[in-house]
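# Per-entry structural report
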Amino acid sequence: DFTMNVDTIVSDVKGAVEPYVAKSQDVVTLSVETVKQANSVVISSVQDLFKTNVGVSKELFSAAQSSFDKARADGVKQVASKPIEYVPVGKELFVGAYKDSYAIVTKAGEELVTIVRKGFDDVVAHFSGSKTVSGEMKKAKSTVNKTATKAKKTVRKAAKKATA
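Since the structure is predicted, the reported quantities are computational estimates derived from the model, not experimental observations.

What counts, and at which threshold
Residues numbered from 1 in each chain as written. Predicted model: local features only at pLDDT ≥ 70, side-chain atom pairs only at ≥ 80, totals over all residues. Heavy atoms only, no water. Patch = residues over 30% accessible without salt bridge, like charges linked within 9 Å, V, L, I, M, F, W, Y side chains within 5 Å. Areas by Shrake-Rupley, 256 points an atom, 1.4 Å probe, with all protein chains shown as cover. Salt bridge = Lys/Arg side-chain N within 4 Å of Asp/Glu carboxyl O. Helix = DSSP H or I, 4+ residues; strand = E, 2+ residues; numbered from the N terminus. Buried < 20%, exposed > 50% of the residue type's maximum accessible area, 1.4 Å probe, protein only. Expected span 1.5 Å × (residues − 1). pLDDT = per-residue confidence, 0-100. Phe/Tyr/Trp six-rings, centres within 6.5 Å; stacked < 30°, edge-to-face > 60°. Lys NZ or Arg CZ within 6 Å of the ring centre and 35° of its normal.

### A look at a nonpolar patch on the surface
On the surface, I9, V13, V17 and V21 cluster together into a nonpolar patch covering about 320 Å² of accessible area. Mapped onto the secondary structure, V13 falls in helix α1 (residues 2-74). Under the relative-accessibility criterion, V13 is labelled partly exposed at 46%.

Here you go:
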């Protein structure tokens, strides 16, 4: 009799836990997808930052090298009499690099916030039993595109009739 009760309890617990296990697995899948999207944004942004800064570094080095070459060719007396002419121009490069870097980081931050917010909304929607937000957005986009295509066809037919 006791064995029957234990089997019944185990069966009841399994039945109660299984839906949560399935939902948890789905949450892990949604979370992994969110992390993948966020990772792609981070990698792309870091690559853009690297390219921007490497480009500026090369330009600054080139400017410094040409200033040094000019100073060496002109001699110490010329450099001493007009030192400002031998200082490499770099302010614009630094400011430009800063602005570009700031824009890249800001854009990446905005994209990451959007991705994380969508991922969180998808998880909440999944636990509440409704469809995911991104799934609903895809459906809505598809419906809008189909409606727009039908409208274009209707307009073309009407235009053909009007010109005929």
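Next comes the rest of the account.
### A few points about helix α3 (residues 91-128)
What sets the pattern is the α-helix's 3.6 residues per turn: residues three or four places apart point alike. For α3, with 38 residues, the first-to-last C-alpha span of 55 Å sits near the 56 Å given by 1.5 Å per residue. Among the residues of α3, A97, S101, I104, A108, I115, G119, D122, V123, A125 and H126 are the ones counted as buried. Just past α3, the residue G129 takes up positive phi, approximately 95°.

### Examining the confidence of the model for the protein
Summing up the model confidence of the protein, the mean pLDDT is 80 and the portion of residues at 70 or higher is 78%. Mean pLDDT across the elements of the protein bottoms out in helix α4 (residues 133-163) (64) and peaks in helix α2 (residues 76-81) (90).

### Considering the pattern of salt bridges
It is possible for side chains of opposite charge to pair when their charged atoms get near one another. Applying the stated rule across the entire model yields 4 salt bridges. Across the salt bridge formed by R72 and D69, the nearest N and O atoms sit 3.3 Å from each other. You can see R72 and its partner D69 sitting in helix α1, 3 residues apart, about one turn around the helix. Classification of R72 as exposed rests on a relative accessible area of 59%. Here D122 ties to K118 by a salt bridge, and the two come within 3.3 Å at their closest N and O atoms. With D122 and K118 both in helix α3 and 4 residues apart, this pair spans about one turn of that helix. On the basis of relative accessibility, which here comes to 2%, the residue D122 falls in the buried class.

### Some thoughts on the packing of aromatic side chains
In the structure shown here, the tally under the stated rule is 1 aromatic pair. Note on Y98 and Y102: the rings are 6.2 Å apart at their centroids and 25° apart in plane angle, and the pair reads as stacked. With Y98 and Y102 both in helix α3 and 4 residues apart, this pair spans about one turn of that helix. The residues Y98 and Y102 share a single accessibility class, namely exposed. The ring centre of Y86 lies 5.2 Å from the NZ or CZ of K70, which sits over that ring.

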